[in-house]
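Each chain, written out:
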Amino acid sequence: MVSDIQKTSHATTLFVTTIILFVLQVMVAPHIQIAEAHPNMLFIAVLLWGYVQGSRSGVIAGFVLGVLFDLLSTTPFGVMALCLSLVGYVSGYRQANVISQSKGSALIGGFAFAFFVELISSIFNSALNGTGSFFHSFLFKMIPGTLYTGLACLIVILIIARVLESSNTTRYKGVRYH
Amino acid sequence: MSSFRMPQRSSRSKRDSQLPGLKILIICIVLCFIAMTVYARESSTGPIHRVKGVVGTVTSPLSHAGSVIAQPFSGIGNVYRNATADEASLTSLEQENATLRGAVERLEEYKQESERLEKLLNIKSTYNLKSQAARVIGSTVDAWNRTIEINKGSNDGLAVNMPVLNSYGLIGQVIEVSATSAKVRLINDEMSALAAMIQSNRIEGILRGSADGSLKLDYIPLDATVTTGDVIITSGSGGVYPKGLPIGEVVNVEKDPSSLYYTITVRPPAGSLAYEEVLVITELNSPDKQPIAPAEKTHENALGTQASPSIQQGSQDSSEQAGQGGSGTSGAKSATEGASGSHGSTQGEG
């Protein structure tokens, strides 16, 4: 299983990735809109924490980054914090380090969780703001949002999986030579 | 007693190891619901709104940097379209240009005539627009709202509820203000609703945004005459938006026999969705010269304009007095001049 040293190293990688994704969320995401959809970079960061570090870290990352997202956006406060806390927990529930062991399920999970976040956001937004029909939200917001965030997630997960694998390989080599 | 406690401890630790983070999750969920409740109940000066303002101020340099980086790329589409324009398009554009030049000359004549008459009759303009020009530095970070972020905030005199224009007409309303930036809800946002009227027959309705980004004009009775191409302007009811600001034109009119009202789709003017510089109306200088009051609650104010859907006879009379795009249109025009002259830095009175 994953050693403590490895976990610390992964946490550092994830911390740096989270900062990069946060900057991308503020700087880039608003300008790369496709059909009303923006990629949710903070969701991807939470997913990575859950996948790599397990559910406990996932929940904490989900709550903190969700609160940050709510502070940045004009949606009702607390909705994204709730969604991302749940995503962080469930993504790391099965086992930690899913990302290295089963990339396929991690990627499918990315799309599934993105849809879950869109669905819960839609329900809460409709309930708290009293807006629009569910069908319209589904068609114009949930589906494009899920696909866009899912695709962004796919790219980031593949990059991070590679980075983590390479860091593991370097460490094992170091151990062998000593 | 102690023999009973031991198995309990072990089963608890076993459960903790099986469900790591469950306790933290439950705490987070409870905190989220508390936050939602507090946010829904607090006013726009409440603690969460204040923290939002601070976060907006802290992240506004990043948003600004993002918009500066993205600006050259936003022009790529236009460059491509211009480069690939065929002869027919260029000829048609030249003809359109000539027609528009003629129209501008005629309008200039009308404007001078109007100014002379205004001086002669000493008619005070229905309102003057005291405004603040701003630059758009970002848009919404989520798919659920159509909002933009501008580089002016409470330090520049902006407050929640103020109307926002671009060179084509009304585009939205300020919903959140931090010290150096503000968020503007666009009129085509699902939560947006404002009192509007058809310019030709002065009938008032409520203009709403929708999930697909189109604008719908509600509460126009079936006995009214509405045709495609009719211009929609703000009615001034509710006191949030000045009267006569252009919003768009009617592109589709549907008559449902089971309904008392038309289903009217309105399209904003071509190019009005390209927001770079905007003008925030900070004060409506109506006869009593009252500044726009900051909102108690954003959501309530968004709905505040909905609260007066009825057609006010007095308002209709005064609008007829103002004439077809009379003072209202001139107000909008002067506001536009203020925006182009100030380049997002000075406060001007339109």
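Quick caveat, the model's predicted, so the values are computed rather than measured.

Quick look at the overall build of chain A
Check the secondary structure of chain A and you find seven helices and zero strands. Mapped from its N terminus to its C terminus, chain A presents α and β elements in the order α-α-α-α-α-α-α. Within chain A, buried positions represent 55% of all 178 residues. Sequence-distant contacts, at least 24 apart, represent 73% of the contacts inside chain A between residues at least 6 apart. Counting only carbon and sulfur atoms, one obtains 72% of the accessible surface of chain A, whose full area is about 7,700 Å².

A look at the overall build of chain B
Assigned secondary structure in chain B consists of eight helices and 14 strands. Split into buried and exposed, the 350 residues of chain B put 41% on the buried side. Summarising the internal contacts of chain B: among those between residues at least 6 apart in sequence, 62% fall at separations of at least 24. Summed over its atoms, the accessible surface of chain B is roughly 18,600 Å², and 57% of this surface lies on carbon and sulfur atoms.

Looking at the nonpolar core
As a rule of thumb, soluble globular proteins bury nonpolar side chains together. Membership of the largest hydrophobic core comes to 52 residues, with the highest contact counts inside it found for Phe 43, Ile 44, Leu 47 and Leu 48 of chain A. Looking at this core, the elements that each hand over two or more residues are helix 1 (4-27), helix 2 (41-53), helix 3 (55-72), helix 4 (79-91), helix 6 (103-129) and helix 7 (134-177) of chain A together with helix 2 (22-41) and helix 3 (47-74) of chain B. In terms of residue count, helix 2 of chain A provides more of this core than any other element does, 11 residues in total. In contact with Ile 44 of chain A, not counting residues within four places along its chain, are Leu 21, Thr 149, Ala 152, Cys 153 and Val 156 of chain A. Counting residues in hydrophobic clusters, the runner-up holds 25 residues, among them Leu 194, Ile 203, Ile 247 and Ile 264 of chain B.

Notes on the pattern of salt bridges
All names here are of chain B. Going through the model one piece at a time under the given rule, you end up with four salt bridges over all chains. A salt bridge links Arg 208 to Asp 218; the shortest N-O distance between them is 2.9 Å. Here Asp 218 lies in strand 8 (residues 215-218) and Arg 208 lies in strand 7 (residues 204-208), a separation of 10 residues in the sequence. Judged by relative accessible area, which is 23%, Arg 208 ranks as partly exposed. Between Glu 249 and Arg 267 there is a salt bridge, with the nearest N and O atoms lying 3.5 Å from each other. Taken as a pair, Glu 249 in strand 10 (residues 246-255) and Arg 267 in strand 11 (residues 262-267) lie far apart in primary sequence, 18 residues in all.

Description of the confidence of the model for chain B
All names here are of chain B. Averaged over chain B, the pLDDT score is 71; the fraction of residues at 70 or greater is 64%. Long-range and interchain partners of residues 1-7, a stretch whose pLDDT sits below 50, account for zero contacts in this model, where long-range means more than four residues apart. Within the model, pLDDT remains below 50 along residues 287-291, and this stretch shows seven contacts once partners closer than five positions in the same chain are excluded. Overall fold confidence for the complex sits at a pTM of 0.62, while the interface term, ipTM, reaches 0.85.

Examining a nonpolar patch on the surface
All names here are of chain B. Side chains of Leu 22, Ile 26, Ile 27, Val 30, Leu 31, Ile 34 and Val 38 sit close together on the surface and give an oily, nonpolar patch of about 570 Å² of accessible area. Inspection of the secondary structure puts Ile 34 in helix 2. In this structure Ile 34 comes out as partly exposed when scored by relative accessible area, which is 46%.

Some details on the sheet that holds strand 8 of chain B
Residues and elements named next belong to chain B. Spatially, 6-7-8-11-10-9 is the arrangement adopted by the six strands of the closed barrel, whose pairing is antiparallel. Taken over all neighbouring pairs, the strand axes of this sheet differ in orientation by 40° on average, direction set aside. Judged from the three bridges that link them, strand 9 (residues 231-234) and strand 10 form a sheet pairing that is antiparallel. Bridged to Val 231 within strand 10 is Glu 249.

What to know about the packing of helix 4 of chain A against helix 2 of chain B
Packed helices, taken two at a time, are described by their axes: the angle between them and the distance between them. Between helix 4 of chain A and helix 2 of chain B, the least distance of the axes is 8 Å, while the angle of their chain directions is 170°. When the axes of helix 4 of chain A and helix 2 of chain B are compared, the pair comes out roughly antiparallel. Contacts between helix 4 of chain A and helix 2 of chain B involve Val 79, Ala 81, Leu 82, Ser 85, Leu 86 and Tyr 89 of chain A from the first element and Leu 22, Leu 25, Cys 28, Ile 29, Cys 32, Phe 33 and Met 36 of chain B from the second.

Quick look at the interface of chain B and chain A
Opposite the 46 residues of chain B that make contact, chain A presents 47 residues. When chain B packs against chain A, the two sides together hide about 4,200 Å² of surface, and 70% of this comes from carbon and sulfur. Run the count over chain B and chain A and you get zero salt bridges. Our count for the chain B to chain A interface comes out at two residue pairs in polar contact (both at pLDDT 80 or more). Taken together, the elements giving at least two residues each to the side of chain B that touches chain A come down to helix 2, helix 3, strand 1 (129-139) and strand 4 (169-177) of chain B. Top contributing element to the side of chain B that touches chain A by residue count: helix 3 of chain B, with 12 residues. Tallied by class, the residues present in the side of chain B that touches chain A amount to 27 nonpolar, 12 polar and seven charged.

Examining the state of the cysteines
This model, assessed by the stated rule, comprises zero disulfides over all chains. No disulfide involves Cys 83 of chain A; its sulfur sits 8.7 Å from that of Cys 32 of chain B, the nearest cysteine. Cysteine Cys 32 of chain B remains unbridged, with the sulfur of Cys 28 of chain B as its closest cysteine sulfur at 6.5 Å.

Observations regarding the packing of aromatic side chains
Tallied over the entire structure, the rule returns three aromatic pairs over all chains. Aromatic side chains Phe 77 of chain A and Tyr 39 of chain B sit 6.1 Å apart centroid to centroid with 40° between the ring planes, which places their arrangement in the tilted category. Residue Phe 77 of chain A is located in the loop between helix 3 and helix 4, and its partner Tyr 39 of chain B is located in helix 2; the two belong to separate chains. Both residues of the pair, Phe 77 of chain A and Tyr 39 of chain B, count as buried. Ring plane angle 85° and centroid distance 5.4 Å describe the contact between Tyr 219 of chain B and Tyr 261 of chain B, whose orientation is recorded as edge-to-face. Placement of Tyr 219 of chain B in the loop between strand 8 and strand 9 and of Tyr 261 of chain B in the loop between strand 10 and strand 11 is noted, with a sequence separation of 42 residues between them. By relative accessible area, which is 35% here, Tyr 219 of chain B ends up partly exposed.

What counts, and at which threshold
Residues numbered from 1 in each chain as written. Chains lettered and ligands numbered in written order. Predicted model: local features only at pLDDT ≥ 70, side-chain atom pairs only at ≥ 80, totals over all residues. Heavy atoms only, no water. Helix = DSSP H or I, 4+ residues; strand = E, 2+ residues; numbered from the N terminus. Buried < 20%, exposed > 50% of the residue type's maximum accessible area, 1.4 Å probe, protein only. Contact = heavy atoms within 4.5 Å. Areas by Shrake-Rupley, 256 points an atom, 1.4 Å probe, with all protein chains shown as cover. Core = buried A, V, L, I, M, F, W, Y, C linked by side-chain atoms within 4.5 Å. Salt bridge = Lys/Arg side-chain N within 4 Å of Asp/Glu carboxyl O. pLDDT = per-residue confidence, 0-100. Patch = residues over 30% accessible without salt bridge, like charges linked within 9 Å, V, L, I, M, F, W, Y side chains within 5 Å. Pairing = 2+ DSSP bridges. Axes fitted to C-alpha atoms, helices over the stretch in contact; angles between N-to-C directions. Parallel < 35°, antiparallel > 145°, perpendicular 65-115°, else oblique. Buried area = accessible area lost by both parts, 1.4 Å probe. Polar contact = N/O pair within 3.5 Å; in protein donor to acceptor, adjacent residues only side chain to side chain. Nonpolar A, V, L, I, M, F, W, Y, C, P; charged D, E, K, R; others polar. Disulfide = S-S within 2.5 Å. Phe/Tyr/Trp six-rings, centres within 6.5 Å; stacked < 30°, edge-to-face > 60°.

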